[in-house]
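Chain by chain, the residues run as shown.
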Amino acid sequence: MNILGISFGKKNANTDILVKEALFGCREAAPDAEIRFVNTCNLNIGRCRGCGACSTQLEKGKDNVCIFKDDFQALEEEVRWADAIVLGAPVYVLQPVGQFKDFVDRFSCRHDYSAITYVLDGRRTGKFPGDPDAYPMERLKKRTVSYVSVGGASTENWTSMGTATLHLFGFPPMMKVMGNYNANAMGLIGNPYIDPELIENMHEMGRRTVKGYYDDSVEFFQPASKPEGVCPVCHQRMITIMPKSTKVECPVCGIEGQLRIENDEIKVDFSEEQQNRARGTFKGLREHTVEIQGFGSICGPKIMANKEMLDQKMKERIKGFDEAIKNV
Ligand SMILES: Cc1cc2nc3c(=O)[nH]c(=O)nc-3n(C[C@H](O)[C@H](O)[C@H](O)COP(=O)(O)O)c2cc1C
């Protein structure tokens, strides 16, 4: 088994320590595994520039590589190599540090299981050119992942979007999530090694990341000391209130639930059907693929019908903007 730890924190600081301790837990469950670790702090990972070259190339029968070359490619190769991953990131202003999102924006869409297989199926039917068997499907192999979000504040709501945002890494390639640990209060704890329970929790999360790879009955890691999740899929406690109803949505999984109050406690019921269409399932991903693939046939004719007006308008407005607003 190939096991990878990724830390978006400072070298040898809290995130590094927690990810590495989780890797020791992985090793307890898989003594013969090869284990690698990447600290990204000094890596140069630029933002996705939305050029669309990756998806366009795929639809033209080629590989969906990112055409911008920096340290992104080396980290991407490590993720592709791994079977089990522990990923940690510090919370900067309520969410994981921005470099994490820059990596996700360039990695995750290009490893979207549904988007890729949609095009490969299209190659089989002639909708898209190219050899359907040329794509290296091992990039989308089965993987387990665990997340650790590291925050300084003891007030938990100062880390409110930490673990939730970490889920964005693994859902497009349908990685099986075995834990999402909010290691908050580091400012109070001082150093992870002062808190033996925290270290033991990392080991247990690591063990489950390995065991969950081989055995579907191994459960998501829910330590007794942490509040239970509301969403049964991602185990987060965030909900979006739907207007004029008692329905809610999980913003991570995109599934609908029914809100109710029981003994002064808020409960949300998510049906099996909804759970089976969560964003990190093939069904959930495919709903999105079909939606965005349909845009062209709706938008294309509208743009063509208004082409003259739009060309004129854009020319006028760009000139107007440049005259009125200083580009700095
Ligand atoms: C720019 C910046 C913003 C931060 N914002 C938050 C925050 O919103 N909530 C929080 O709990 N901690 C916040 N922290 C504290 C870090 O999450 C904390 O120090 C963490 O241990 C850093 O990870 P590292 O030790 O692995 O580098 C912030 C730190 C920095 C540098």
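Whatever comes next refers back to the structure up there.
Just so you know, these numbers come straight off a predicted model, no measurement behind them. (Residues numbered from 1 in each chain as written. Predicted model: local features only at pLDDT ≥ 70, side-chain atom pairs only at ≥ 80, totals over all residues. Heavy atoms only, no water.)

Participant: Lay out the overall build of the protein chain with the relevant residues and their values.
Facilitator: The helix and strand inventory of the protein chain stands at 12 helices and 10 strands. Relative to its length of 328 residues, the protein chain is compact, with a C-alpha radius of gyration of 22 Å against a globular reference of 20 Å. Taking the principal axes of the C-alpha coordinates as reference, the protein chain spans close to 70 × 50 × 45 Å. Expressed as a percentage of the 328 residues in the protein chain, the buried residues total 42%. For the protein chain, long-range pairs separated by at least 24 residues make up 69% of all intrachain contacts whose partners lie at least 6 apart in sequence. Seen as two clouds, the 42 positive and the 44 negative side-chain charges of the protein chain have centres 6 Å apart. (Helix = DSSP H or I, 4+ residues; strand = E, 2+ residues; numbered from the N terminus. Rg over C-alpha atoms; globule rule 2.2 N^0.38 Å. Buried < 20%, exposed > 50% of the residue type's maximum accessible area, 1.4 Å probe, protein only. Contact = heavy atoms within 4.5 Å. Lys, Arg positive; Asp, Glu negative; His and termini not counted. Charge placed at Lys NZ, Arg CZ, Asp CG, Glu CD.)

Participant: Give me the lowdown on the packing of aromatic side chains, citing residues and values where you can.
Facilitator: As enumerated under the stated definition, the model contains eight aromatic pairs in all. Taking the centre distance of 5.6 Å and the plane angle of 90 degrees together, the rings of Phe8 and Phe100 count as edge-to-face. Note that Phe8 is positioned in the loop between strand 1 (2-7) and helix 1 (14-29) and Phe100 in helix 4 (residues 98-107), a separation of 92 residues in sequence. For the pair shown, Phe8 and Phe100 are each scored as buried. Members of the aromatic cluster, each reached through a chain of ring pairs, are Phe72, Phe103, Phe107 and Phe169. In this structure, Arg49 packs its charged tip against the face of Phe68, placed 3.8 Å from the ring centre. Lying over the aromatic face of Tyr213, Lys142 brings its terminal NZ or CZ to 4.4 Å of the ring centre. (Phe/Tyr/Trp six-rings, centres within 6.5 Å; stacked < 30°, edge-to-face > 60°. Lys NZ or Arg CZ within 6 Å of the ring centre and 35° of its normal.)

Participant: How would you explain the environment of Lys69 if you had to name every residue and give the values?
Facilitator: Mapped onto the secondary structure, Lys69 falls in the loop between helix 2 (53-59) and helix 3 (72-81). Considering only alpha carbons, one finds Lys69 and Lys101, 32 residues apart in sequence, at a separation of 17 Å. In terms of polar contacts, Lys69 uses its side chain to reach the backbone carbonyl oxygen of Cys66, at 2.9 Å. (Polar contact = N/O pair within 3.5 Å; in protein donor to acceptor, adjacent residues only side chain to side chain.)

Participant: Give me the lowdown on the packing of helix 5 (residues 113-125) against helix 10 (residues 282-293), citing residues and values where you can.
Facilitator: Pairs of packed helices are described in terms of their axes, by the angle between the two and the distance that separates them. Interhelical geometry of helix 5 versus helix 10 gives an angle of 60 degrees and a closest axis separation of 8 Å. Of the possible angle classes, the one that applies to helix 5 and helix 10 is oblique. By crossing handedness, the relation of helix 5 to helix 10 is classed as right-handed. Residue-level inspection shows Tyr113, Ser114, Ala115, Thr117 and Tyr118 of helix 5 in contact with helix 10, the latter providing Phe282, Leu285, Arg286, Thr289 and Gln293. In terms of residue class, the contact of helix 5 with helix 10 is made up of five nonpolar, four polar and one charged. (Axes fitted to C-alpha atoms, helices over the stretch in contact; angles between N-to-C directions. Parallel < 35°, antiparallel > 145°, perpendicular 65-115°, else oblique. Left-handed = near helix turned anticlockwise from the far one by under 90°. Nonpolar A, V, L, I, M, F, W, Y, C, P; charged D, E, K, R; others polar.)

Participant: Help me get a handle on the pattern of salt bridges, residues and values and all.
Facilitator: One pass over the full model with this rule turns up 23 salt bridges. A salt bridge links Arg36 to Glu78; the nearest nitrogen and oxygen atoms lie 3.0 Å apart. Of this pair, Arg36 sits in strand 2 (residues 34-39) while Glu78 sits in helix 3; the two residues are 42 residues apart in sequence, bridging distant segments of the chain. In this structure, Arg80 engages Glu76 in a salt bridge whose closest nitrogen and oxygen atoms are separated by 3.3 Å. Highlighted residues: Arg80 and Glu76, both in helix 3, separated by four residues, approximately one helical turn. For the pair formed by Arg80 and Glu76, the shared burial category is buried. Shared partners join several salt bridges into a network, and the residues in it are Glu28, Glu200, Glu204, Arg207 and Arg208. (Salt bridge = Lys/Arg side-chain N within 4 Å of Asp/Glu carboxyl O.)

Participant: Tell me what's going on with the environment of Lys319, and back it up with residues and numbers.
Facilitator: Mapped onto the fold, Lys319 is located in helix 12 (residues 307-324). For the pair Lys319 and Asp269, spaced 50 residues apart in the sequence, the C-alpha separation amounts to 54 Å.

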